[in-house]
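A look at the structure
The chain contents come next:
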Amino acid sequence: MSGSGAKKIGRIAIGSVLTECNQFGGLPIEIERFEQYEYRRGAAVLQTPGGPVAGMLGVLKEAGATAVPLVVAATGPGGPLTKACWARLRDELLADLKAALPVEGVLLALHGSAVAEGDGHVDVDVEGEILKAARAIVGPAIPIVATLDLHAHVTEAMVANADALIAWETYPHVDTLETGQRGARMLLAILRGECRPTMAMAKVPVLTSGVRGATIGDDPFADLMRHAKSLEGRDGVLSTSVFLVHPYLDMPDMGSGGLVITDGDMPKAVRLAEDLAVRYWARRKDLEPPTWTPAEAIARGLKVAGGPVLLVETADCNGGGAAGDSVATIKALVEANVAEPALAMVVDPEAARACHAAGVGAAVTLQVGHKLDPRWGKPTTLRGRVEKLSDGKFQYTGGVWGGTWSSMGPTALLACGAAGNVKVLVTTLGTYDWADEQFRSMGLDASTMKFVVAKNPMNYRFAYAGIAKEALILDTPGPTPATVKHFKYRHRVGPWFPADAEIPGLKPRVMRGRTP
Ligand SMILES: [Zn+2]
């Protein structure tokens with residue numbers, strides 16, 4: 001609104017660094033990864049078509065404010081940013097901010113779980129460093145509002161240097177644009193003197209995967225989110241966020257919990273944030289999914305009438321930064337001698353090349369899997385027949401990539417197992433899993449299968465809704481597992497759930513923000 005009486009808003013700096021890092025797997029993120037996906041500077045920032053930056057830009061435009069562009073960089077998950085990648089992003093973002101001065105406010109669309117290789121023992125807290133450096137540049141009087149993923153690892157540096165932190169409300173994430181709008185509206189309200197955001201974050205050491213973390217239906221995380229959102233907009237509560245910390249980081253003080261922003265009332269912000277953290281702790285056991293070994297899941301699936309039964313191998317989720325080259329479940333399917341049809345996928349450029357060289361119809365014996373990321377298993381011998389070959393191109397039918405084309409690179413369909421009934425899609429490149437587009441591109445229909453291996457923690461629930469007879473969550477080795485109870489964290493210290501089921505005397509750890 002820019003109606004009469006409203007204070008005229010001037011220059012607002014707007015920038016973004018958005019990616020999620022996995023410190024247990026995934027290839028380090030180079031600057032090229034951002035350039036391939038999204039890397040904008042100058043006027044191009046103002047054309048950002050979607051996501052939080054687009055939401056922020058829309059609100060600023062409506063208010064008649066001038067958006068002053070900083071770097072906008074986004075890419076999919078991977079390992080930590082390399083030193084060089086981080087240095088360039090940071091230096092360009094901060095140089096842009098210095099050049100933008102004077103500004104009335106700063107809007108930053110961040111993730112919260114990005115880390116970078118640094119000089120120290122522990123990796124760099126990317127968002128904390130960005131907010132700290134931005135604060136040093138603009139000084140204490142200029143408001144800084146940042147948006148975060150709800151999987152953020154919220155640190156002291158973030159809470160201490162931002163005036164407001166506002167996270168996505170949905171998982172699967174469908175409100176990134178709206179969250180950008182909420183962030184921009186918060187900044188405008190501060191600048192108009194309508195509120196004095198006062199922020200507290202409280203966390204408990206609960207580290208669980210996203211498997212039970214949807215914000216829809218009766219997932220425990222959905223309950224926590226609904227409760228937090230019921231507090232918003234009344235009794236001086238400006239904003240609430242619930243965080244399920246990305247558990248594949250290894251940073252000090254990792255935890256999940258709640259962040260509350262009140263209008264100038266720190267004791268209330270602390271009390272409500274602590275209450276959210278206590279509620280979070282109370283639901284911890286519901287957030288940890290029951291898991292099966294592949295052999296157990298196959299035995300169980302065989303007792304289910306019909307199919308498909310989904311074998312959910314979340315540990316090898318490409319969209320979470322894993323290589324997609326695990327054969328743990330494929331091996332179990334072959335060893336179980338299942339007579340009914342089964343469908344699975346593995347990334348193995350060498351095996352895909354061998355299939356293409358052998359040609360359709362050829363009998364092959366290949367060592368498959370665990371070559372890109374050998375930390376999680378050994379290749380397995382697959383004997384089979386090359387049934388089909390393709391260039392691997394396919395089109396997403398939904399989700400964040402809906403409508404866009406992607407490629408698995410040269411791909412082969414290998415029929416293995418005793419009766420050739422275990423169909424393995426051997427791909428050259430790892431691809432994000434939305435539904436079953438990769439299978440469909442090879443003429444395969446998941447609904448006719450007894451078993452389908454899905455390598456993601458969440459999307460399978462939508463992709464196979466109404467089709468799957470049952471979904472069994474597997475506990476297999478990999479950098480994105482359904483449970484992190486086996487993980488050995490080096491940097492996060494002290495007891496944590498699920499490694500410790502009970503922690504007597506536990507109190508939420510509270511972080512207080514700036515006091516206006
Ligand atoms: Zn997320």
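Residues numbered from 1 in each chain as written. Predicted model: local features only at pLDDT ≥ 70, side-chain atom pairs only at ≥ 80, totals over all residues. Heavy atoms only, no water.

Some points on the packing of helix H2 (residues 51–62) against helix H6 (residues 176–191)
- Contact geometry of H2 with H6 gives a least axis separation of 6 Å together with a crossing angle of 40°. One way to sum up the angle between H2 and H6 is to call them oblique. Note on packing geometry: the crossing formed by H2 with H6 is right-handed. Where H2 abuts H6, its residues Gly51, Pro52, Ala54, Gly55, Met56, Val59 and Leu60 lie against Thr176, Leu177, Gly180, Gln181, Ala184, Arg185 and Leu188. (Axes fitted to C-alpha atoms, helices over the stretch in contact; angles between N-to-C directions. Helix = DSSP H or I, 4+ residues; strand = E, 2+ residues; numbered from the N terminus. Parallel < 35°, antiparallel > 145°, perpendicular 65-115°, else oblique. Left-handed = near helix turned anticlockwise from the far one by under 90°. Contact = heavy atoms within 4.5 Å.)

Structural notes on the pattern of salt bridges
- Evaluation of the coordinates by the stated rule reveals 34 salt bridges.
- In this structure, Arg40 and Glu38 form a salt bridge, with 2.8 Å as the shortest nitrogen-oxygen distance. Summarising the burial analysis for this pair, Arg40 and Glu38 share the class buried.
- Put simply, Asp373 and Arg375 hold a salt bridge, and the shortest N to O gap is 2.8 Å.
- You can call Asp373 buried: its relative accessible area is 6%. (Salt bridge = Lys/Arg side-chain N within 4 Å of Asp/Glu carboxyl O. Buried < 20%, exposed > 50% of the residue type's maximum accessible area, 1.4 Å probe, protein only.)

Describing the coordination of the zinc ion
- Asp149 (OD), Asp149 (OD), His151 (ND1) and His173 (NE2) make up the full set of protein donors to the zinc ion, lying at 2.1 to 2.4 Å.
- Classification of the site at the zinc ion as irregular follows from its 4 donor atoms and the range of 54 to 140° in their angles at the metal.
- Counting gaps between the donor residues of the zinc ion yields the pattern D-x1-H-x21-H. On the criterion of sequence distance, the pair formed by Asp149 in the loop between strand S7 (144–148) and helix H5 (156–161) and His173 in the loop between strand S8 (164–167) and H6 is long-range, its members being 24 residues apart. (Donors = N, O, S within 2.8 Å, 3.2 Å for Na, K, Ca; no water. Tetrahedral: all angles 85-135°; square planar, octahedral: opposite > 155°, others 65-115°.)

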